[in-house]
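For reference, the chains in residue letters:
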Amino acid sequence: MNYSSPPPSQKQSADSVEDALATPFIQGGLSEKLLILTIFFVLLAEILIYIPSISNYRLTQLQDHLSAARTAALVLDAAPEGLVPRALELQILQQVGARAIILKRGNARRLLAFSDMPPTVSTTFDLRDASRIKSVFDAFATLFGTGPQIIGLIGDAPREGEFVEIVMSDEELRASMWRFSLNILLLSLVISIFTAALVYLSLLALFVKPMREISAKIMAFREAPEEPSAIMAPSDRQDEIGLAERELRRMQRQIQTALVQKTHLAALGLAVSKISHDLRNILASAQLFSDRLSSVSEPTVQRLMPRVIGSINRAIALCQSTLAYGRAAEPAPNPRHVRFKMLIDDVGAALGLGEGYPAWINEVDDKATVFADPEQLYRAFLNLGRNAVEALRAQPPRNGGAIRIAMRASETSVIISMADNGPGIPAKVRDKLFQPFAASGNKGSGLGLAIVAELIRGHGGTITLQPSPVGTLFEIELPAQTTGRA
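Only a predicted model underlies this, so the values are computations on that prediction, with no experimental measurement involved.

## Thoughts on the sheet that holds strand β5 (residues 163–169)
Consideration 1: Spatial strand order, β2-β1-β5-β4-β3: 5 strands in an open sheet with mixed pairing. This sheet does not close on itself; its edge strands, each paired only once, are β2 (108–114) and β3 (123–126). The average angle at which neighbouring strand axes cross in this sheet is 20°, direction not considered.
Consideration 2: Summarising the sheet, strand β1 (residues 100–105) and β5 pair through 5 bridges and their orientation is antiparallel. Across the sheet, residue Leu103 finds its bridge partner in β5, namely Val164.

## Here we look at the packing of helix α3 (residues 132–143) against helix α4 (residues 171–223)
Describing two packed helices takes the angle between their axes plus the distance from one axis to the other.
Consideration 1: At a closest axis distance of 9 Å, the pairing of α3 and α4 adopts a crossing angle of 100°. Between α3 and α4, the angle is such that the two are roughly perpendicular. Here Ala139, Thr142 and Leu143 of α3 come into contact with α4, specifically with Leu173, Arg174, Met177, Trp178 and Ser181.
Consideration 2: Across the contact of α3 with α4, the residue classes tally to 5 nonpolar, 2 polar and 1 charged.

## Thoughts on the pairing of β3
Consideration 1: Across 4 bridges, β3 lies against strand β4 (residues 150–155) in parallel orientation. Each residue of the ladder has a partner; that of Asp126, found in β4, is Ile154.
Consideration 2: Viewed along the sheet, the connection from β3 through α3 into β4 turns out right-handed.

## Structural notes on the sheet that holds strand β12 (residues 472–479)
Consideration 1: The strand order across the open sheet built from 5 strands is β7-β9-β10-β12-β11, with neighbouring strands paired in mixed fashion. Of all the strands in the sheet, just β7 (359–362) and β11 (462–466) have a single pairing partner and so form its edges. The sheet shows a mean angle of 15° between the axes of neighbouring strands, taken without regard to direction.
Consideration 2: Relative to strand β9 (residues 402–409), β7 runs parallel, the two being bridged by 4 bridges.

## Points about the pattern of salt bridges
Where charged atoms of side chains with opposite charge meet at close range, the side chains can pair.
Consideration 1: One pass over the full model with this rule turns up 9 salt bridges.
Consideration 2: Between Asp126 and Arg128 there is a salt bridge whose closest N-O contact spans 2.9 Å.
Consideration 3: By relative accessible area, Asp126 is classed as partly exposed at 27%.
Consideration 4: Of the charged contacts, one joins Arg222 and Glu223 as a salt bridge, the two residues approaching to 3.2 Å between their closest N and O atoms.

## Examining the packing of helix α8 (residues 374–393) against helix α9 (residues 448–458)
Consideration 1: Two elements in contact, α8 and α9, have axes separated by 9 Å at closest approach and are oriented at 150°. For the element pair α8 / α9, the angle class is roughly antiparallel. In terms of crossing hand, the pair formed by α8 and α9 is left-handed. Residue-level inspection shows Gln376, Leu377, Arg379, Ala380, Asn383, Leu384 and Asn387 of α8 in contact with α9, the latter providing Gly448, Leu449, Ile451, Val452, Leu455 and Ile456.

## Quick look at the nonpolar core
Consideration 1: Residues Phe340, Trp360, Phe381, Leu384 and Ile403 are the most contacted members of the largest nonpolar core, which totals 38 residues.
Consideration 2: With 9 residues, α8 is the single largest residue contributor to this core.
Consideration 3: If you look at the next biggest cluster of nonpolar residues, it comprises 30 residues, including Ala72, Ile92, Leu143 and Ala157.

## Notes on the packing of aromatic side chains
Consideration 1: For the structure on display, the rule yields 7 aromatic pairs.
Consideration 2: When the centroid spacing of 6.4 Å and the interplanar angle of 75° are considered together, the rings of Tyr50 and Phe140 count as edge-to-face. Residue Tyr50 is found in helix α1 (residues 30–78), and its partner Phe140 is found in helix α3; the two are separated by 90 residues along the sequence.
Consideration 3: Under the relative-accessibility criterion, Tyr50 is labelled buried at 16%.
Consideration 4: Members of the aromatic cluster, connected to one another through ring pairs, are Tyr50, Phe140, Phe144 and Trp178.
Consideration 5: Here the guanidinium or amino end of Arg58 rests over the ring plane of Phe125, the centre of that ring lying 4.7 Å away.

The rules behind these values
Residues numbered from 1 in each chain as written. Predicted model: local features only at pLDDT ≥ 70, side-chain atom pairs only at ≥ 80, totals over all residues. Heavy atoms only, no water. Pairing = 2+ DSSP bridges. Helix = DSSP H or I, 4+ residues; strand = E, 2+ residues; numbered from the N terminus. Axes fitted to C-alpha atoms, helices over the stretch in contact; angles between N-to-C directions. Parallel < 35°, antiparallel > 145°, perpendicular 65-115°, else oblique. Contact = heavy atoms within 4.5 Å. Nonpolar A, V, L, I, M, F, W, Y, C, P; charged D, E, K, R; others polar. Right-handed = clockwise from strand over helix to strand, strands pointing away. Salt bridge = Lys/Arg side-chain N within 4 Å of Asp/Glu carboxyl O. Buried < 20%, exposed > 50% of the residue type's maximum accessible area, 1.4 Å probe, protein only. Left-handed = near helix turned anticlockwise from the far one by under 90°. Core = buried A, V, L, I, M, F, W, Y, C linked by side-chain atoms within 4.5 Å. Phe/Tyr/Trp six-rings, centres within 6.5 Å; stacked < 30°, edge-to-face > 60°. Lys NZ or Arg CZ within 6 Å of the ring centre and 35° of its normal.

Here is the structure:
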């Protein structure tokens, strides 16, 4: 039966997307980089420790000189002037490490002891209010100074004195600071190597080795993704490495399942091609017989033969399309204005539904049309109707078992609903309802709803499973420009 008007012109377009994957080039292994970075950061930490250490070492040395000078100042200041032998004075200066000791009391500065002529002082350091930052700069200035310099040190004085000052050379101080720095350097190297070794071995066991195992499993899976032994066996770790192992195992299982499904689809496509080839020949013979029967004048034959001939023509066209296309995707639709109520009636007749169980209730308006490919739309509702009939007939018969088709339109879209009051769809398969083989029953192939979704998407529409208190409710939404009225 012809329920469509001549098709308008249709434009077809094809889009191609090309993905480029870039693999970064990484030089050196993770373990080598880990070792180098550990040594570097430990040395950096030692340098940060060394900076205040050398400053404190210099201050300590200078404070020791001032402490010795204060003790000497007590003796020299208490002795009557001229009574301290010159040899004892020089010996005191040698013990203090100074060339002159000066005590200031009030407005008077007294030279308590000196060796030869008091030298000219190039820099004076007042240790009574020395700041931390200035001490650091002074320490490095002393450490990297050129040649011996005469410096003056000012500190707290004993008794009622205002301050005590000593004049000394920084040559011995600089040498002592270099010895301290060399000891710190050697100690830092030992600590760095020892710490780096411990950190390296720990991280090697905790992270690097598991990552190597994960990488090896990934490469093994890439070589043979179909092999069950290539799936990674996760450890009992509860950290991020364990999480990565479990997620990798889950991903590998999903990939293997997808590969099995694709292999199944390829085998199914080959089988369908063979079946379609032989079935086409059988249907061609049936078409010849149906043409002869159409000439019989008996009223029942005349009433039923148009639908029989239409069903045979659809079957032949479907077989031819399967053989010609390639068994992987649906061809682009060839839309025309279709009398939708008539199409739904033909679907019910093809399913053998009438007055019996279940009831086929067509609530579509007589004049409503949709702009779609009639054969593809027929196949979509035939698959949906067959699923509903199987679900209803799998349950014990009960009053009111029915499949109801309705249609409503708006300015932007048209909604076609197919509802039944059967047992409904299990919750565990709803998320993957329109994927191949995901929602197959005991007798189904699991392809019906996937085919329906692909046919509807080809028309720019969508199909969704809607919540329903009883049974199953599918809604198909098509763009408004594909609808009309006869």
